[in-house]
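Structural features, examined
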Amino acid sequence: MNRYPAERVVTVAYYALVSAYDYALMAGFSASEADWFNVHDLPPLVFDHQEILEYGIKHLQHEVRHHPVGFNLLPEKFTLLQLQELYEAILDAKLDKPNFRRKIMKMNLLTTCNEKQQGVAHRAANLYRFDKNAYAQLTEQGFTFEV
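Residues numbered from 1 in each chain as written. Predicted model: local features only at pLDDT ≥ 70, side-chain atom pairs only at ≥ 80, totals over all residues. Heavy atoms only, no water.

Core analysis: the biggest nonpolar cluster contains 24 residues, and Leu-83, Tyr-87, Ile-104, Leu-110 and Phe-130 have the highest contact counts within it. Those elements that provide at least two residues to this core are helix 1 (49–66), helix 2 (80–91), helix 3 (97–106), strand 2 (126–130) and helix 4 (132–141). The greatest single-element share of this core, amounting to six residues, is contributed by helix 2. Once you skip the residues sitting within four places of it in the chain, Leu-110 turns out to touch Phe-78, Leu-80, Leu-83, Ile-104, Met-105, Tyr-128, Arg-129, Phe-130 and Asp-131. (Core = buried A, V, L, I, M, F, W, Y, C linked by side-chain atoms within 4.5 Å. Buried < 20%, exposed > 50% of the residue type's maximum accessible area, 1.4 Å probe, protein only. Helix = DSSP H or I, 4+ residues; strand = E, 2+ residues; numbered from the N terminus. Contact = heavy atoms within 4.5 Å.)

Right, let's talk about the environment of Gln-117 for a bit. Looking at the element boundaries, Gln-117 is found in the loop between strand 1 (110–116) and strand 2. Put simply, Gln-117 and Leu-127 are ten residues apart on the chain and 6.5 Å apart in space, counted from C-alpha to C-alpha. If we skip the residues at most four places from it in the chain, Gln-117 touches Thr-79, His-122, Arg-123, Ala-124, Ala-125 and Leu-127.

Looking at the largest pocket, its volume works out to about 1,800 Å³. Around the largest pocket, the lining is made up of 39 residues, and of these Ala-16, Trp-36, Phe-37, Val-39 and Leu-53 lie nearest the centre. Where the lining of the largest pocket is concerned, the elements lending two or more residues are helix 1 and helix 2. Examining the composition of the lining of the largest pocket, we find that nine residues originate from one element, helix 1, more than from any other. Space inside the second largest pocket adds up to approximately 250 Å³. Considering the residues around the second largest pocket, the lining is formed by 13 residues, among which Arg-101, Arg-123, Ala-124, Ala-125 and Asn-126 are closest to the centre. Secondary-structure elements contributing two or more residues to the lining of the second largest pocket are helix 2, helix 3 and strand 2. Along the lines of polarity and charge, the residues of the lining of the second largest pocket split into five nonpolar, four polar and four charged. (1 Å grid on protein atoms, 1.4 Å probe; cavity = no way out; pocket = protein on both sides within 12 Å on 5 of 7 lines; lining within 4 Å. Points joined across faces, edges and corners; volume = space filled by probe spheres on them. Nonpolar A, V, L, I, M, F, W, Y, C, P; charged D, E, K, R; others polar.)

Structure (structure tokens):
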């Protein structure tokens, strides 16, 4: 493959799920700028980097269907809507609300906090947190989450 015209290049790519709100970006010695971008609205990427990025996204979408991932992007206590929005962002798909909630609750991955949202203009939703034991078990054995 002619990834880079001058010579043979081997690329190793990693991805991490982090909240942009939790990290301030700083350009390194080899970059004059650093910024967060929406994965669907990127500037042009060099060589085959778009293909590498697309592969990473597909891999993440596969992972979220078979293992609990991305929960570090949510607050400690969260609503089912926040969880659904996370899945929708990763899968790049609109999910049916009742169906999503039924599937998530069936996994026994969540524990109710017996609390409601505070300071919202609409009807306050129930708050949940992840059951760490169920999370560890599902991470090890996996599951199938069809949308």
